[in-house]
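Coordinate analysis (summary)
Each chain is listed here by its residues.
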Amino acid sequence: MGRLSTHVLDTVHGRPAPGVMIALDRLTQDGGRERVTQTMTNLDGRTDAPLLAGEALVAGTYEISFSIGAYFRGLGMVLADPTFLDIVPIRFGVADPAGHYHVPLLATPWSYSTYRGS
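Just so we're clear, the structure is a prediction, and the values are computed from it rather than from any experiment. (Residues numbered from 1 in each chain as written. Predicted model: local features only at pLDDT ≥ 70, side-chain atom pairs only at ≥ 80, totals over all residues. Heavy atoms only, no water.)

The subject of this paragraph is unusual backbone geometry. In the segment running from Asp81 into Pro82, the intervening peptide bond is cis, with an omega of 5°. Positionally, Pro82 belongs in the loop between helix H1 (68-74) and strand E8 (87-94). (Helix = DSSP H or I, 4+ residues; strand = E, 2+ residues; numbered from the N terminus.)

Below you can see the structure in the form of structure tokens.
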């Protein structure tokens, strides 16, 4: 059974990032987008359940949007207005819906990285 999961790491403080709002959209053939789910990271910086699992995970192009600006402001960090990074979108493809796609975000207010985990 395939699934899509994520987690967020706060690399400024060297810990998981709880309370980060995450939105997942599926991009359509005509250039549109469909909101699949919206959730928030838990105390471990993960979501309580996969973003998609089983038959809900289909081949296609997806985009996860991470609200890291609000997360870092919520910690009391003084950031420029507007913040350098506010919403971080990661667009990726799912070719094998039976696979496990793990798309994490490692973030600071000024940089981020990702990779395909397992």
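The structure having been displayed, the exposition proceeds.
Here four strands make up an open sheet; going across it, the order is E3-E2-E10-E11 and the pairing mixed. What marks the edges here is a single partner per strand, and that holds for strand E3 (15-16) and strand E11 (112-113). Sheet topology places strand E2 (residues 8-10) next to strand E10 (residues 105-107); three bridges connect them, and they run parallel. Its bridge partner being in E10, Asp10 is matched across the sheet by Ala107. (Pairing = 2+ DSSP bridges.)

Looking now at the pattern of salt bridges. With the rule as written, the count across this model stands at seven salt bridges. When the shortest N-O distance is used, the salt bridge between Arg33 and Asp25 registers 2.8 Å. Relative accessible area serves as the criterion here: at 3%, Asp25 is assigned to the buried category. Notably, a salt bridge pairs Glu63 with Arg33, separated by 3.2 Å at the nearest N-O pair. Of this pair, Glu63 sits in strand E7 (residues 60-67) while Arg33 sits in strand E5 (residues 33-40), and the two are 30 residues apart along the sequence. Look at Glu63 and you get buried, because its relative accessible area is 10%. Residue class for Arg33 comes out partly exposed when judged on its relative accessible area of 42%. (Salt bridge = Lys/Arg side-chain N within 4 Å of Asp/Glu carboxyl O. Buried < 20%, exposed > 50% of the residue type's maximum accessible area, 1.4 Å probe, protein only.)

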